[in-house]
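Structural characterization, general
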Amino acid sequence: MADMKPDARIAPYHHAAAGWGAIKQVAINLVRERVPGGKYKLLFKQNQPDGFDCPGCAWPDREHASTFEFCENGVKAVAAEATSKRVTPEFFAQHTVAELLTQTDYELEQHGRLTDPMVYDGASDRYVPISWDRAFALIAEHLKGLDNPDRAAFYTSGRASNEAAFLYQLFVRAYGTNNFPDCSNMCHEATSRGLPSVVGVGKGTVTLDDFEHADTVLLFGQNPATNHPRMLGELRDCAKRGATLVSINPLRERGLERFSNPQNPIEMLTMGSTDICSVFVQPRVGGDFALIKGVAKRVLELDDTAVTEGRERVLDLDFIELHTAGFEAFAADLRDESWDALVAASGVPLAQIHALAQIYAKGRRVISTWGMGLTQHKNSVQTIQMLANLMMMRGNIGRRGAGLCPVRGHSNVQGDRTMGIEEKPTQAFLDRLKEVYGFEPPREHGYDVVETIHAMLEGRVKVFIGLGGNFSMATPDTPRTWQALRQCDLTVHITTKLNRSHLIHGTQALILPTLGRTEIDTQGGVAQGVTVEDSMSMVHISYGMNTPASANLMSEVSIVAHIADATLGSASIDWLAYADDYSRIRDDIEKVFADFFDYNSRVAIPGGFHLDVPARERVWNTPTGRAQFLAHAIESDTPIARAREQHGNRVLTLMTARSHDQYNTTIYGLDDRYRGVFGQRRVVFANQDDLDMLGFEAGDWVDMTTVWDDGIERRADKFLLVAYDIPRGCLGAYYPETNPLVPLTSVGDICNTPTSKSIPVLLHRSTAPDDAPRSLVRAEPAREERKDLKDRKDLTDRDETTSTVSRFENVAAM
């Protein structure tokens, strides 16, 4: 198979997360990407005050105090930008689009950096060179030719800077639409929509300082070792000083079991590691809402017992009385809820729910963190609101060492929303734009991601412009999304590297290559910095350090400014002046957003500044002026339940996940070493008891089909079954390979996020490919084996790393 190495295998990984294994992979990736040796020093400028912000995750930096502030996956992101490999016009002359479509996402990634603007030529089925001026004129021609601005959609990746995002939304609203599908719609939209009605703001309420004071950390639905590895440093410190850390996730992720800190000489030299979580709770996929509600119910029972016995109350009555509304109705709903229903819906035994509630009740300063394991379900908004309810019961919001901590994905996904990349803008924000710029912005809500796909399918959107990202692969219902994009008159992608979205194009199509975060951005002879906002609302500036991959690249800011100028002219707004000096954009951001006062001055301070989060100060911007308890019932009429009524226990619930060698849809390699998968991606993790029930064995090849009610066949073929520690009735597999199984109409309530973590599927036997490996074992050792296997091979990893480092140093010297 094209996406499988000849030595592909399933084998338990016995090491701690990070450590020598991570250092080894850093070396391998620098060599694989052919990063010139002179650029290795770039890593020591990553996440530093005088350097650049990591283009990967949005985890914040600790005052830039460390010698290095990068992780394995951050290096992969930087190496992908710093690669010496190039995709030139000559490359496109040698390959038709049809030929490129046969390559895997990993192969497309490995071609390297784009160097020149290209336009699709239908006659030859190739991309051919185009001048920048002609490209901008073509975009303007299409946009001005639409009979309604709402017939265009403007996508944004979370990697865009504050300056690019602000300019983008300003242009699009001056053009006349609020059609802003963005990556938030597919990840933390439930957080953004769920929290404001409870605490008045759609952001987290903690800073890194709070982790130093927390005595309990509850980690819901996330895998830090892969998705935000620098978080493990904070968790390690918490564990070292005795805090209780609990992983609540269908999968026991290695990074939350044991972590070897590459910055700790003692751990590295002694092959040591730190146990991170002391408790693991594995709800069934989609069972978090019932679990959290069960914990809340038990906390209420513990408080009742304390009253009866005359002990200290469990509830924080002062906080509830002074700062909240709706508690009595919420408590009544908890008392009426059935324990049998909570246990059945969560998949967690009653004794474990009670134990988790006891841990929470014992904690004086509790942080709850979460990732997309909570946000990509039908009831995701209700789940996050229930978690906020639980935290409010003991006053764990607005207290030092406590609070809500959504862990965002891409490096500026939160900042883009702050800057106005929002299909449902507030009227106050639109009023402010009108006041500052003198035009009437559109007032109707625009399209999010799912709505944009529907609109393209129905012919209501004919122009698609993507500021970064890989829309065709990140989105659900892949064949329908591809059909939608191909029905457009024009598709435009502003990007650094080739990906599949450039090959799933409209009648006309443009690829516009842009500078990466790591590259020097010079305008008018002056180096420009861009700003980003991390997961904890810190805003700081980033300066590129590398020479651009091509002299024919433009920055994202400059590209957006030139599209705006070509489309709207500069009589009312001088777009090109913004492109000449990004500080002018920040001056205007300051005019629109009160929190950004003295923007240019404050961002010049090392480390930047923290945006005001009112809930952190116990100021509640809700209709009542108080934090609002909200009661929610367990939903029984779910797609999974309806599918099982039809097919019984043969229906399994599939959750999608990243492998360790990918970031969002970018595939850096074919290993997922912490889960024991090497050289391949088309695997599906299943409980051994489910395999026995269905008559399968680990090592069988299966096809998956979705059980849905719209008559559309959705399937993903040729997946290798791997026995894994996952709850009964549940499956796990990687995206984007499984995105074809996610129905476009399967979305979260209120947030409209695709339900990529709760897909009802059936398994069907496939014929194994001739070259498929058949000698398979469990992907991870049984739990009783783990202690004996601990760190057994770390010395080998260290020796192999030393050898690999020597090899890439030799390459650097060449």
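Residues numbered from 1 in each chain as written. Predicted model: local features only at pLDDT ≥ 70, side-chain atom pairs only at ≥ 80, totals over all residues. Heavy atoms only, no water.

Considerations on the overall build of the protein chain
Across its full length, the protein chain holds 33 helices and 33 strands. Expressed as a percentage of its 814 residues, the buried residues of the protein chain come to 66%. Carbon and sulfur atoms form 51% of the exposed surface of the protein chain, whose accessible area is close to 28100 Å². (Helix = DSSP H or I, 4+ residues; strand = E, 2+ residues; numbered from the N terminus. Buried < 20%, exposed > 50% of the residue type's maximum accessible area, 1.4 Å probe, protein only. Areas by Shrake-Rupley, 256 points an atom, 1.4 Å probe, with all protein chains shown as cover.)

Details of the packing of helix 7 (residues 162-175) against helix 28 (residues 582-592)
At a closest axis distance of 10 Å, the pairing of helix 7 and helix 28 adopts a crossing angle of 65°. Judged on the interaxial angle alone, helix 28 and helix 7 are roughly perpendicular. Viewed along their axes, helix 7 and helix 28 form a crossing whose handedness is left-handed. When helix 7 is examined against helix 28, the residues Asn-162, Glu-163, Phe-166 and Leu-167 are found in contact with a partner set consisting of Tyr-582, Ile-585, Arg-586, Asp-588, Ile-589 and Val-592. Each residue belonging to the contact of helix 7 with helix 28 can be placed in one class, and the counts come to six nonpolar, one polar and three charged. (Axes fitted to C-alpha atoms, helices over the stretch in contact; angles between N-to-C directions. Parallel < 35°, antiparallel > 145°, perpendicular 65-115°, else oblique. Left-handed = near helix turned anticlockwise from the far one by under 90°. Contact = heavy atoms within 4.5 Å. Nonpolar A, V, L, I, M, F, W, Y, C, P; charged D, E, K, R; others polar.)

Side note on the state of the cysteines
Applying the stated rule across the entire model yields zero disulfides. No disulfide involves Cys-183; its nearest neighbouring cysteine sulfur is the one of Cys-187, lying 5.3 Å away. (Disulfide = S-S within 2.5 Å.)

Examining the packing of aromatic side chains
Enumeration over the complete set of coordinates arrives at 26 aromatic pairs. Consider the rings of Tyr-120 and Tyr-127, whose centres lie 5.7 Å apart with planes at 65°: the pair is edge-to-face. We note that Tyr-120, like Tyr-127, is buried. When the centroid spacing of 5.2 Å and the interplanar angle of 70° are considered together, the rings of Phe-327 and Phe-629 count as edge-to-face. Note that Phe-327 is positioned in helix 16 (residues 327-336) and Phe-629 in the loop between strand 24 (627-628) and helix 30 (639-647), a separation of 302 residues in sequence. You'll find Phe-327 and Phe-629 in the same group, each marked buried. What links up through ring pairs into an aromatic cluster is the set Phe-154, Tyr-168, Phe-171, Tyr-175, Phe-180 and Trp-575. For Arg-658, the ring lying beneath its charged end belongs to Tyr-663, and the centroid distance is 4.5 Å. (Phe/Tyr/Trp six-rings, centres within 6.5 Å; stacked < 30°, edge-to-face > 60°. Lys NZ or Arg CZ within 6 Å of the ring centre and 35° of its normal.)

Some words on the pairing of strand 31 (residues 715-723)
Of the strand pairs in this sheet, strand 29 (residues 683-686) and strand 31 are connected by four bridges, and their pairing is parallel. Of the residues in strand 31, the one forming a bridge with Val-683 is Leu-720. Here four bridges tie strand 30 (residues 701-706) to strand 31, and the two strands are oriented antiparallel to one another. The partner of Val-702 across the bridge, within strand 31, is Phe-719. (Pairing = 2+ DSSP bridges.)

Looking at the packing of helix 14 (residues 288-309) against helix 17 (residues 339-346)
Where helix 14 meets helix 17, the axes come as close as 8 Å, and the angle between the chain directions of the two elements is 145°. Along this stretch, helix 14 crosses helix 17, giving a crossing that reads as left-handed. Residues Ala-290, Leu-291, Lys-293, Gly-294, Lys-297, Arg-298 and Glu-301 of helix 14 touch helix 17, and the partners they reach there are Trp-339, Leu-342, Ala-345 and Ser-346. Classifying every residue of the contact of helix 14 with helix 17 by side-chain character gives five nonpolar, two polar and four charged.

Details of the side chain of Asp-588
With respect to the helices and strands, Asp-588 occurs in helix 28. Note on Asp-588: relative accessible area 8%, which makes it buried. Excluding residues that lie within four positions of it along the chain, Asp-588 makes contacts with Phe-166, Tyr-437 and Tyr-578.

Considerations on the side chain of Arg-408
When you line up the elements, Arg-408 lands in the loop between strand 15 (403-406) and helix 21 (413-418). For the buried Arg-408, no salt bridge exists, and the shortest N-O distance to an oppositely charged side chain is 7.1 Å, to Glu-189. Within polar-contact distance, the side chain of Arg-408 engages the side chain of Gln-414 at 3.1 Å. (Lys, Arg positive; Asp, Glu negative; His and termini not counted. Salt bridge = Lys/Arg side-chain N within 4 Å of Asp/Glu carboxyl O. Polar contact = N/O pair within 3.5 Å; in protein donor to acceptor, adjacent residues only side chain to side chain.)

As for the sheet that holds strand 33 (residues 759-765)
Spatially, 25-32-29-31-30-33 is the arrangement adopted by the six strands of the closed barrel, whose pairing is mixed. The average undirected angle you get between the axes of adjacent strands in this sheet is 45°. Docked against the sheet, helix 30 engages strand 25 (652-657) and strand 33, running at close to 35° with respect to strand 33.

With respect to unusual backbone geometry
A negative phi angle characterises most non-glycine residues, just as the trans form characterises most peptide bonds. Residue Pro-736 is bonded to the preceding Tyr-735 through a cis peptide linkage, with omega at 10°. Structurally, Pro-736 can be placed in the loop between strand 32 (730-734) and strand 33. Despite not being glycine, Asp-477 has its phi angle at roughly 50°, a positive value. Topologically, Asp-477 is positioned in the loop between helix 24 (471-474) and helix 25 (478-486). One non-glycine residue, Asp-598, lies in the positive phi region at around 50°. Of note, Asp-598 is situated in the loop between helix 28 and helix 29 (599-603).

A short note on the pattern of salt bridges
Using the criterion set out here, one finds 51 salt bridges in the structure. The partner of Glu-337 in a salt bridge is Lys-293, and the shortest N-O contact between them spans 2.8 Å. Placement of the pair is Glu-337 in the loop between helix 16 and helix 17 and Lys-293 in helix 14, with a sequence separation of 44 residues. Residue classification places Lys-293 among the buried positions, given a relative accessible area of 0%. A salt bridge links Arg-715 to Asp-717; the nearest nitrogen and oxygen atoms lie 3.0 Å apart. One network of salt bridges, in which partners are shared, links Asp-182, Glu-189, Arg-193, Arg-417, Glu-422, Glu-423 and Lys-424.

A word on the nonpolar core
Residues Leu-143 and Phe-154 are the most contacted members of the largest nonpolar core, which totals 61 residues. Per-element accounting of this core gives the leading share, nine residues, to helix 7. Apart from residues no more than four positions distant in its own chain, Leu-143 is found in contact with Ala-152, Phe-154, Phe-171, Tyr-175, Val-463, Ile-465 and Thr-567. Of all hydrophobic cores here, the second largest spans 57 residues; its members include Val-314, Phe-327, Phe-330 and Leu-374. (Core = buried A, V, L, I, M, F, W, Y, C linked by side-chain atoms within 4.5 Å.)

Topic: helix 22 (residues 427-437)
Within helix 22, the full set of buried residues consists of Phe-429, Leu-430, Leu-433 and Tyr-437. For helix 22, the buried positions fall inside an angular range of 100° around the axis, keeping them on one side. Turned more than 90 degrees from where helix 22 packs its buried face, Ala-428 and Glu-435 sit exposed. Buried residues in helix 22 make contact with helix 7, helix 27 (575-580) and helix 28. Where helix 22 terminates, the next one or two residues include Gly-438, which has phi positive at roughly 80°. (Arc of directions from axis to C-beta.)

Description of the confidence of the model for the protein chain
Close reading of the predicted structure is inappropriate where its pLDDT is low. On average, residues of the protein chain carry a pLDDT of 89, and 87% of them reach 70 or more. Every residue in residues 772-814 is under pLDDT 50, and counting partners more than four places away or in other chains gives 86 contacts. (pLDDT = per-residue confidence, 0-100.)

Things to note about the sheet that holds strand 22 (residues 538-542)
Strand order in the open sheet formed by three strands is 21-22-23, and the pairing between neighbours is antiparallel. Two strands in the sheet have a free side with no partner beyond their single neighbour: strand 21 (530-533) and strand 23 (609-610). Across two bridges, the pairing between strand 22 and strand 23 is antiparallel. Bridge pairing links Met-538 to His-610 in strand 23.

Some thoughts on the pairing of strand 14 (residues 366-370)
Taken across its five residues, strand 14 has five buried, putting it largely inside the fold. Residues Val-366, Ser-368 and Trp-370 point to one face of strand 14 and Ile-367 and Thr-369 to the other, with burial holding for every one of them. Of the strand pairs in this sheet, strand 8 (residues 216-220) and strand 14 are connected by five bridges, and their pairing is parallel. Bridge pairing in strand 14 places Leu-218 opposite Ser-368. In this sheet, strand 15 lies alongside strand 14 in parallel orientation, the contact comprising four bridges. Bridge pairing links Ile-367 to Gly-403 in strand 15.

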